[in-house]
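# Observations on the model geometry
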Amino acid sequence: MDYLTVAMAKGRTAERAMKFLEKSDVRFSNFTDESRKLVIYDDQQKIKLIFVKAVDVPVYVENGAADVGIVGKDVMMEDPRDVYELLDLEIGRCKLSVAGFPETHIENKPFLTVATKYPLISKEYFDKKGIRTEMIKLNGSIELAPLIGMSDVIVDIVETGTTLKENGLVVLKEIADVSARLIVNKASYATKTADIQQFIQDMKEGLEVHA
Amino acid sequence: MYSEILAHEHERHEKIIETLSKRFTTYGYKRIKTSAFERYDLYSNVRTSINQNEMIKVIDYTGELLVLRPDVTIPLTQELVQMNGSLPEEMRYYYVQEVFRQTFRENEEIGKTQAGVEYFCESSPEADAETIMLACHALRDVGFSDVKIEIGHAGFFNELIADLSLSAELTAELKIIIQAKNVVEIGPFLENLEIDPSVKEVLEQLPFLYGAPETVFERLQNLRVSESVKQAINYLQQTYEIADLYGLKKHIVIDLGLINRMGYYSGIIFQGYVEKFGKPVLMGGRYDSLSEEFGIKRPAIGFACEIDSLVKATAHKELQERFSIDITVLYEESRMKYAIDITNELRERDYRVLSKPMKQTFHSKDSMYTIQLTELVNELTDEEGTTEFADFKELLEMIVSRKGVPEWTI
C-alpha cells in the first residue's frame, strides 16, 4: 500500500490541519501533543504525516520526499520552489510587515539597514521602491535589532502586534498577506492524482465547517 | 566498497542508455552527435533560448567566445537548416550526449547526460502521438510500470494571452502563477489587469484544466475561447485520440497549464513522470518555428530524457534489454487502428518499425519489409516480391520464414 506523505511543521498550524481532516474521518489517534514522534500514520493507514522544520517543508515536497506539504506563504516567498500551490488553508493568518520606531520615515533615508528572517523578500520590496538597503539576516528575536541600534527597521510577520507594541515598535508598511498553503509535488500530482485531489477535497470540507 | 557502488551506478547508466537507444532505433531513429563547443552567438541570437547565465563560457585562442554545449536541439536545427535542399522532408535522429548548464541550485551537476530524439516532419497529430508513444515506450523499457505523460499545448497559453498586450514582466509573473497552479493568487493577480473578461475566466480555470483527458476535454467545451485557441485544443484532442489507439490512455494526463522553460515550443508539449520519483524524467514538445530563426521553416518534435534521473529512479529495479530489425507499415486512413495494432505487436517482438499514412511519395529503401494496408488488401513486400496476408499470425509466419531475418529473441 502506497501512503500519501504529508509534510508539515509541528505546532498550531499542524493541529488545525488535523482538525480539518477529522471532518472527513481522517484521524490520527496516535498523536498527542507531547509525542516526540516525527512520523505518524492515520487510523486507516492511508496518510503518513512527517514533521519537519517549516522552512524545510518546500524542500521535502519539491524533491518528492513528501507528496503534499502545508507551509506558510512567507516561506514560499522567501525560497520559491517548483511545486504546485493548490489551496489557501486560511490558517496562521498574519501580515509580512516593515516595522520600526514610530518616527522612522523609510523613504527619507539615503540608506536603510534591515534586520530580518526574510532577506530575499525584503530586498525585492525595497529595491522596487528604489530604497538602498543593507540586509542583516537574523533567525529570531528580530525586534531586538532596532532597539539596540543594529538596524533602522525590521521585516517580519506580524499577527497581533503585541510583541512590537511591548518593545515600542509599530508597523510602518505592510508587504503581503500570509497564511498556510497546501503545496504539492508535480510528479506526485501526475502519478497520484486521485489520492491528492481527495486529500484536498477533505481539507476544503474541513475548512468550510470551520470558517 | 565505495568504488564498487560507483561501478554499479555506471553500469546502470550504460544499460539505460543502451535500452533507450535500442528503443529509439525501433522507431527508425539514427544516432547523431553534435560538437561539444558551440559559438556563444548561436545561443545569444536565438530569441527563445537558454538563460545566458546558465551557460559555461570558454574563450578560444582567437578570442572568440564559445559555450560548452548547453543543449542539442538548437545546434542540430541550425545545422540542418544550413544543409537544407539536400535533405529529405522527414528525418529521425537521436543522440546521447552530455549537456552543460550551471543552475543556482547547490548539489546539482553541471554536466548531465541526455538521451533524446528529434523528429523533423510536418506538424501532425499522428507524428506527435507516435513521439509520445515512443517516450512512454522508452520509459517502460527501462522498467517503470507507472509511467505518466503530461501533455499540454504551448499554443493554448500563447494564443490566450496574445491579444492582451501584457508587459514582459507581467507575462513572466503570470507564467509563474500558472506553472504553480496557484489557485489562491491567480484571482487577485487578474483583478488588477484590464483584460477581456472571457480571457480572464479561462485563465482562472487554467489550474483546473488538469487530469484525465476525457474530463479535461469536457471542461474545455464549456469555455468560450478564440478560434486560434480552439485550434490548439482540437490538435491536442486529435493527438490524444491517436495516442489512445496506441493504448496510452491510462498513461496520459492532460495539463493545459503546462508551460515549458524552453520558450521555443510552439505546439504539443509534454513531460514524463515515473513512480516514486519527484521530478520529471523526460521533457519535450513540438518546435515548428525554431528553425525560422535561422531562416527556413523545418518543423520538428522531440524530447530528451535525463539519464541521471533515470539512474536514481531505477535504483531498485532490474533492467531488461532488447534487439531489433526493420519494417515499414503504410496504411490508408480507415486502417489506422489495424496498422497501429500491427506496429505495436511487431515492436513488442523487437522489430524496428515505422508506421505512417500512405502517400505516393514514400520510398521504403531504408526498410527490409514494407507492409501496406488498404481498404481492400493487406500486403507484405520485400526484395522477393509482394504477398498478401490475412491476419497478424500469417504475417508473422511470413516474416520468420524468409531469409535474412533473425529468429525471435524472446
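Our subject is the structure that appears above.
Let us look at the structure shown here.

### As for the sheet that holds strand β10 (residues 170-178) of chain A
All names here are of chain A. Spatially, 5 strands are ordered β8-β7-β9-β6-β10 in an open sheet, and the strand pairing comes out mixed. Among the strands making up the open sheet, the edge pair consists of β8 (133-137) and β10. Each adjacent strand pair in this sheet contributes to an overall mean axis angle of 25°, direction not counted. Looking at chain direction, strand β7 (residues 112-116) and strand β9 (residues 153-158) are connected through 3 bridges and run parallel.

### So, the packing of helix α7 (residues 183-191) of chain B against helix α8 (residues 197-205) of chain B
All names here are of chain B. Put simply, α7 and α8 touch, their axes get as near as 9 Å, and they point 165° apart. Taken together, the axes of α7 and α8 are roughly antiparallel relative to one another. With respect to the hand of their crossing, α7 and α8 are arranged in right-handed fashion. Contacts between α7 and α8 involve I186, G187 and L190 from the first element and K200, L203 and E204 from the second. Classifying every residue of the contact of α7 with α8 gives 3 nonpolar, 1 polar and 2 charged.

### Looking at the pairing of strand β12 (residues 300-306) of chain B
All names here are of chain B. Extensive coverage of β12 is indicated by the burial of 7 of its 7 residues. Alternating residues of β12 divide into A300, G302, A304 and E306 and I301, F303 and C305, and every residue in both groups is buried. Examined bridge by bridge, strand β6 (residues 111-120) and β12 share 7 bridges and lie antiparallel to one another. The residue bridging Q114 from the neighbouring strand is E306, located in β12. As defined by bridge partners, strand β11 (residues 282-286) adjoins β12 across 5 bridges and the pair is classed as antiparallel. Note on β12: the bridge partner recorded for L282 is C305.

### Quick look at helix α1 (residues 12-22) of chain A
Those residues of α1 of chain A that fall on the buried side of the exposure criterion are A14, A17, F20 and L21 of chain A. Buried residues of α1 of chain A fall within an arc of 115° about the axis and therefore sit on the same side.

### Points about the interface of chain B and chain A
Opposite the 16 residues of chain B that make contact, chain A presents 14 residues. Listed by contribution, the elements that provide at least two residues to the side of chain B that touches chain A are β7 (147-153) and α7 of chain B. In the side of chain B that touches chain A, the residues fall into 7 nonpolar, 3 polar and 6 charged.

### Side note on the pairing of β7 of chain B
Residue and element names in this part refer to chain B. Within β7, 7 of the 7 residues are buried, leaving the element largely enclosed by the surrounding structure. The alternating pattern of β7 places V147, I149, I151 and H153 and K148, E150 and G152 on opposite faces, both of which are buried. Bridge count between β7 and strand β10 (residues 268-274): 7 bridges; the pairing is antiparallel. Residue pairing in the sheet places V147 in a bridge with V274 of β10. Sheet analysis places β7 next to strand β9 (residues 252-255), joined by 3 bridges and oriented parallel. Across the sheet, residue I149 finds its bridge partner in β9, namely I252.

Cut-off values and rules
- Residues numbered from 1 in each chain as written.
- Chains lettered and ligands numbered in written order.
- Predicted model: local features only at pLDDT ≥ 70, side-chain atom pairs only at ≥ 80, totals over all residues.
- Pairing = 2+ DSSP bridges.
- Helix = DSSP H or I, 4+ residues; strand = E, 2+ residues; numbered from the N terminus.
- Axes fitted to C-alpha atoms, helices over the stretch in contact; angles between N-to-C directions.
- Parallel < 35°, antiparallel > 145°, perpendicular 65-115°, else oblique.
- Left-handed = near helix turned anticlockwise from the far one by under 90°.
- Contact = placed C-beta atoms within 7 Å.
- Nonpolar A, V, L, I, M, F, W, Y, C, P; charged D, E, K, R; others polar.
- Buried ≥ 20, exposed ≤ 12 C-beta atoms within 10 Å, placed from the backbone.
- Arc of directions from axis to C-beta.

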